[in-house]
Amino acid sequence: MAIDQARANRIFLPGTYAEGVPYELFRELRAETPVCWVEEPAVGPWPAGPGYWAVLRHADVKYVLRTPELFSSHLGATQIRDPDTAADLDFARAMLLNQDPPDHARLRRIVAGAFTPRALRELAAGIERHAAEAVRRVRVRGEADFVRLAADLPVRTLARIMGVPEQDRLLLRDWADRVIGYQDADHADSATVDPATLSDLGRAALAHRPTARTAPDGRPVNPRSRAALADMFAYAHGLAERPRPGSVLARMREGGLGPAEFETMFFLFAVAGNETVRNALPGGLYSLLTHPAQYRLLLRRPELTDSAVEEMLRHWPPVVDFRRTATRDVELGGRWIRRGDKVVVYHASANRDGSVFPDPDRFDITRTPNDHVSFGHGPHFCIGARLARLQMAAMLRHVLTGLPGLEPAPGAAPVRLVSNFQNGLRRLDVRWSRPD
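Novice: Whenever I open this one, the pairing of strand β8 (residues 342-346) confuses me. Can you help?
Specialist: Consecutive side chains along a regular strand alternate between the two faces of the sheet. Within β8, five of the five residues are buried, which leaves it mostly tucked inside the rest of the structure. Alignment of strand β2 (residues 49-55) against β8, held across three bridges, turns out to be parallel. Bridging across to β8, W53 finds its partner in V343.

Written out as structure tokens, the structure reads:
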């Protein structure tokens, strides 16, 4: 079926998501052509790309994600935008996220010990304590930006897992903002950390931060390249010289990772492990608060917290999409995809597929089953999914009990992150009843 190409291209443009995820457009495209061609027009300083196949139905998304022999994470990496150079592609390919079996399984085993049930139980008390402290600090104020309130929890959790000193934890936030928010002018150059508060290693790493935003050929510097993240990798190598026993860094050293594998694994924990919760918590809470009947139900029935977390993840997926590359000519959804074509699965669309989720736009904390794909599917199912759920549930419990009468602040619309990849909020003003 022929489609309006300009209309389909809207799902690529970052500016579309500044106004919200285009769920209505996804619904229309799923009905008309669930696997559709999308062009990649130039956006600001970023050049045009070759275009890609967008996969929008739940069943097709899961099929692509579980068949790496047909749809590779490794060939072109997993971001829509192609790496600028062969060197950038080779560097990206060393990352766990961008590996196919069997190399993917080898890398995953090295760090899997950080996410065992025993390891999570050891983390749980600290997560509960940090969530309680965050709520207690703001309770008397009666209002706050929930994005800022929630952001420190994943940073503290990751710092502990990675063995990053407490005083350096905010470096993780800045690195994530620069990588994930590069399409958003307010995040692209994030540098919020006061050097005076950092360790000697942290201050030394800042000296390696690149200042050039364009490459010698005039193109913007790829925010995910080794050159753009020289400060993060300088810090990673310095920290790895004396890793905390039992930390992920210690596991990475013991696992015999090569230099690029080590750097990209540090990147994955510092960025992906941070942003998933930073997006899902504020966005999920906004979904809950804008459905006051569901908010009141959860207050009455706190045993629904885990179910509410799943619906928050479905209704507000932290990631919009991921890319694969076809390894051979293949038919999908009535379309003939050629070897080497980019194939982009839209988690946000799959999570609103009415053939899987009855009344898919309804926010329902009792929804069961809830087969959302917010953590992916298949061999790349998010290794930190249980940790993310643990953090979301802890913060949700303390927010509900510690901030009575919680609601969005009147007249203050949430401010969205400009990104066609991350489904995030930059600001969410909320208010509650201050204690007497």
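Novice: Help me understand the sheet that holds strand β12 (residues 429-431), please; the structure alone is not making it clear to me.
Specialist: Each strand in a sheet pairs with another by means of backbone hydrogen bonds, the pair being arranged parallel or else antiparallel. Strands sit in the order β4-β12-β9 across an open sheet of three strands; the sheet is antiparallel. Looking at the sheet topology across the chains shown, the edges are occupied by β4 (143-145) and β9 (407-408). Two elements, β9 and β12, share two bridges in a ladder whose sense is antiparallel. Within β12, the position partnered with P408 by the bridge is V430. Packed on one face of the sheet, helix α8 (residues 146-162) meets β4 and β12 and runs near 65° to β4.

Novice: Help me out: how do you make sense of the sheet that holds strand β5 (residues 321-326) in this one?
Specialist: Strand order in the open sheet formed by five strands is β1-β2-β8-β5-β3, and the pairing between neighbours is mixed. The open sheet has two free edges, formed respectively by β1 (35-40) and β3 (71-72), since each of these has just one partner strand. Across five bridges, the pairing between β5 and β8 is antiparallel. Bridge pairing links D321 to Y346 in β8.

Rules used in this analysis
Note that residues are indexed from 1 along each chain, following the sequence as it is written. The predicted origin of the model limits local features to residues at a pLDDT of at least 70 and limits the giving and counting of side-chain atom pairs to 80 or more, whereas totals for whole chains, interfaces and linings rest on all residues. With hydrogens and water excluded, all non-hydrogen atoms of the structure serve as input to the side-chain values. Only protein chains enter the area calculation, which uses a 1.4 Å probe; residues under 20% of their type maximum are buried, those over 50% are exposed, and those in between are partly exposed. Only DSSP runs of H or I reaching four residues or more are called helices, and only runs of E reaching two or more are called strands; each is numbered from the N terminus. At least two bridges found by DSSP between two strands are what make those strands a pair. Only heavy atoms enter the contact rule, under which two residues are in contact if any of them lie within 4.5 Å. Orientation is described by lines fitted to C-alpha atoms, with helices fitted over the stretch in contact, and by angles between N-to-C directions that extend from 0 to 180 degrees.

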